[in-house]
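Here's the letter readout for the chains.
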Amino acid sequence: MGARRTEWVARGIRATLAVDRVAWLASAARSALVLAFASDAVLTRYSTLAYGATRTYHPDSPEFDATLFPFEEQAFARFFPPAPARVLIGAAGGGREAIVLAQRGYEVVAFEPSAPLIAGLAAHVPEGLQITAFRASYEDLPRLEPALPGGLAAGLAELPRFDAAILGWGSFSHLLSEARQIAALQAIAAVTDGPMLVSFRVDPRRTARSGRGWCACSGGCRAGTSWPVATSRCRSGSSRPSRGSNSWRSSRGRTCGWRR
Ligand SMILES: C[S@@+](CC[C@H](N)C(=O)[O-])C[C@H]1O[C@@H](n2cnc3c(N)ncnc32)[C@H](O)[C@@H]1O
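As a starting point, this report considers the structure included with it.

1. Some points on the overall build of the protein chain
Helix and strand counts for the protein chain stand at seven helices and 10 strands. Among the 260 residues that make up the protein chain, the fraction classed as buried is 37%. Within the protein chain, contacts between residues at least 6 apart in sequence are counted, and of these 64% link residues at least 24 apart.

Structure follows, in structure tokens:
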């Protein structure tokens with residue numbers, strides 16, 4: 001290739017970067033418009049649709065990985081009762097946490113708002129595992145709809161009480177107001193006698209490492225609306241949910257550990 005042609009090809013490739021820039025600007029503009037004009041109901045529905053279309057969460061997908069994250073293993077080892085025990089899992093997706101815990105001998109009740117994800121879990125419960133699946137968001141609680149057509153609906157309070165609960169990976173951040181966060185914690189705490197593991201996104205600008213956090217609370221308290229939050233008993237050193245940290249008043253009386 002002659003020097004002149006080499007120069008023009010190199011310049012041509014560089015010029016295509018403008019396409020990336022335009023795409024980035026379009027994406028940023030769309031985000032700004034969505035945040036400015038979409039109602040909470042639209043954002044919530046969008047989130048459910050998007051998760052339902054993500055293959056990695058489907059238990060019949062080759063990309064589905066039924067393993068636990070280190071933050072979950074640490075929280076379970078430190079705070080959770082040993083199996084057999086009853087665990088309630090919210091935002092269960094296609095059942096990542098549910099399947100692992102059921103394989104370890106826990107009896108699991110899982111709920112999730114995405115119809116395809118929770119139907120996938122209900123249809124793919126491995127033989128011998130105790131998993132009952134329902135379709136519901138945190139906002140729907142205490143009402144639990146059947147995961148599969150023809151199944152039975154239930155009320156959370158009608159089920160036998162739970163020894164522990166999980167608000168699954170990152171899901172607490174999908175609750176778009178502090179009132180919803182408190183309501184979800186109260187609904188779950190009202191039927192749970194042991195620890196609650198809550199997973200949420202944190203602002204990566206405020207944390208040194210990845211934007212994932214967890215808080216595990218243990219103790220036999222009931223939901224309440226008065227301070228003090230577990231903060232005084234929290235192990236510090238990391239960050240809080242960017243919004244709604246007051247929600248932790250609902251876990252009054254529980255010991256609380258924070259990790260990045
Ligand atoms: C990051 S995925 C985690 C799924 C599963 N726990 C896992 O770890 O594979 C977050 C889940 O939260 C669910 N979700 C979103 N908004 C929710 C809400 N308002 N109430 C309950 N779950 C919600 C999504 O449908 C999605 O399945």
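What follows picks up the thread again.
2. Comments concerning the site of the ligand
Among the 24 residues in the neighbourhood of the ligand, the closest are listed as Ala91, Gly93, Gly168, Trp169 and His174. At the level of secondary structure, the elements contributing two or more residues to the shell around the ligand comprise α3 (40–52) and α5 (96–103). With four residues, the single largest contributor to the shell around the ligand is α3. Class assignment of the residues belonging to the shell around the ligand gives a composition of nine nonpolar, 11 polar and four charged.

3. Quick look at the environment of Leu185
Following the sequence through the fold, Leu185 ends up in helix α7 (residues 178–189). Sequence separation of Leu185 and Leu167 is 18 residues, and the distance between their C-alpha atoms is 8.9 Å.

4. Description of unusual backbone geometry
Backbone torsion omega between Ala83 and Pro84 reads 0°, so that peptide bond is classified as cis. Note that Pro84 resides in the loop between α4 (70–79) and β1 (86–90). Unlike most non-glycine residues, Ala91 shows phi in positive territory, near 55°. Mapping Ala91 onto the fold places it in the loop between β1 and α5.

Criteria and cut-off values
Residues numbered from 1 in each chain as written. Predicted model: local features only at pLDDT ≥ 70, side-chain atom pairs only at ≥ 80, totals over all residues. Helix = DSSP H or I, 4+ residues; strand = E, 2+ residues; numbered from the N terminus. Buried ≥ 20, exposed ≤ 12 C-beta atoms within 10 Å, placed from the backbone. Contact = placed C-beta atoms within 7 Å. Near = placed C-beta within 6 Å. Nonpolar A, V, L, I, M, F, W, Y, C, P; charged D, E, K, R; others polar.

Coordinates in, geometry out; function isn't part of it.
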